[in-house]
Amino acid sequence: MLHEVLSKEACAECRFCCSFRRQSLWEVPDIPLELMKKYPVDASGKQISYLIQENNGEKFAVTDLRNSYQTEDPEEEAACPFLDSKKGCTLPEEEKPFDCKIWPLRYMRMEDGTEAVCLTPTCPEINQVPPEKMKRLVEDGMGEKIRDYAREHPGMIKEYKEGFPVLQEISGK
Ligand code: SF4
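Residues numbered from 1 in each chain as written. Predicted model: local features only at pLDDT ≥ 70, side-chain atom pairs only at ≥ 80, totals over all residues. Heavy atoms only, no water.

Undergrad: Would you explain the packing of aromatic side chains in this entry?
TA: Working definition: an aromatic ring pair is given by the centre-to-centre distance plus the angle between the planes. A complete count under the given rule lists four aromatic pairs for this structure. Ring geometry for Phe16 and Trp103: centres 6.3 Å apart, planes at 40 degrees, overall tilted. Taken as a pair, Phe16 in the loop between helix H1 (8-14) and strand E1 (19-20) and Trp103 in the loop between helix H3 (98-102) and strand E7 (105-109) lie far apart in primary sequence, 87 residues in all. Ring geometry for Trp26 against Phe164: centres 5.9 Å apart, planes inclined by 55 degrees, an arrangement best described as tilted. (Phe/Tyr/Trp six-rings, centres within 6.5 Å; stacked < 30°, edge-to-face > 60°. Helix = DSSP H or I, 4+ residues; strand = E, 2+ residues; numbered from the N terminus.)

Undergrad: Explanation requested: the pattern of salt bridges in the structure shown.
TA: Side-chain pairs of opposite charge can arise whenever the charged atoms involved come near each other. Taken as a whole and assessed by the stated rule, the structure comprises twelve salt bridges. A salt bridge links Glu75 to Arg21; the nearest nitrogen and oxygen atoms lie 3.3 Å apart. Residue Glu75 is located in the loop between strand E3 (58-63) and strand E4 (78-79), and its partner Arg21 is located in the loop between E1 and helix H2 (33-38); the two are separated by 54 residues in the primary sequence. Measuring nitrogen to oxygen at the nearest pair gives 3.4 Å for the salt bridge that ties Lys135 to Glu139. With Lys135 and Glu139 both in helix H4 (residues 131-152) and four residues apart, the pair spans about one turn of that helix. With a relative accessible area of 43%, Glu139 lands in the partly exposed category. (Salt bridge = Lys/Arg side-chain N within 4 Å of Asp/Glu carboxyl O. Buried < 20%, exposed > 50% of the residue type's maximum accessible area, 1.4 Å probe, protein only.)

Undergrad: For this particular structure, what's the right way to read the sheet that holds E7?
TA: Read from one edge to the other, the open sheet built from four strands follows the order E9-E7-E8-E10, with strand pairing classed as mixed. Each having just a single partner strand, strand E9 (158-159) and strand E10 (166-170) make up the two edges of the open sheet. Relative to E9, E7 runs parallel, the two being bridged by two bridges. Note on E9: the bridge partner recorded for Met108 is Lys158. The strands that H4 touches are E7, strand E8 (115-119) and E10; relative to E10, the one it contacts most, it runs at about 50 degrees. (Pairing = 2+ DSSP bridges. Contact = heavy atoms within 4.5 Å. Axes fitted to C-alpha atoms, helices over the stretch in contact; angles between N-to-C directions.)

Undergrad: Would you explain unusual backbone geometry in this entry?
TA: The step from Trp103 to Pro104 runs through a cis peptide bond, and the omega angle for that step is 10 degrees. Here Pro104 is to be found in the loop between H3 and E7. The phi dihedral of Asn56 falls on the positive side, at around 50 degrees, and the residue is not glycine. Note that Asn56 resides in the loop between strand E2 (50-55) and E3. Here Asn56 falls in the partly exposed class, since its relative accessible area comes to 33%.

Laid out in structure tokens, this is it:
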């Protein structure tokens, strides 16, 4: 969805958003339960471990990476089981989790209960895009698409985290 500012090539080379430190496990993408059932194993045939979670009344799955770390180093990253180190994401585009499609945007609930489209501040590629350009992109319709998805899938709404710039405040239900 963000091809206007993020080239496929840049993402394919980087893959920052497909590997997670322990402290970033909350960023592991939400996966619809049907998709979890469709993919019990990864592209190499290895069993994928999932956790069922519930947020805002919606149940979904996340891949369970907690046992994937080899060291105690907090900087160690564990890769999403759908990531192929050479080819990138092995899921077809239409099955990619919505969280991945909109990365590095996040739909968040602010402390006062309002909602907003925010930007993950750590994406190395987006950090090279002028903030005004990102804001324009979101205000020109992308924010509404994300809001509409969040209305149907409230599990994706994350609690606001300090340091995430707000690109669009969402008013009304
Ligand atoms: S599902 Fe695909 S795009 Fe999303 S984190 Fe995993 S490998 Fe990356």
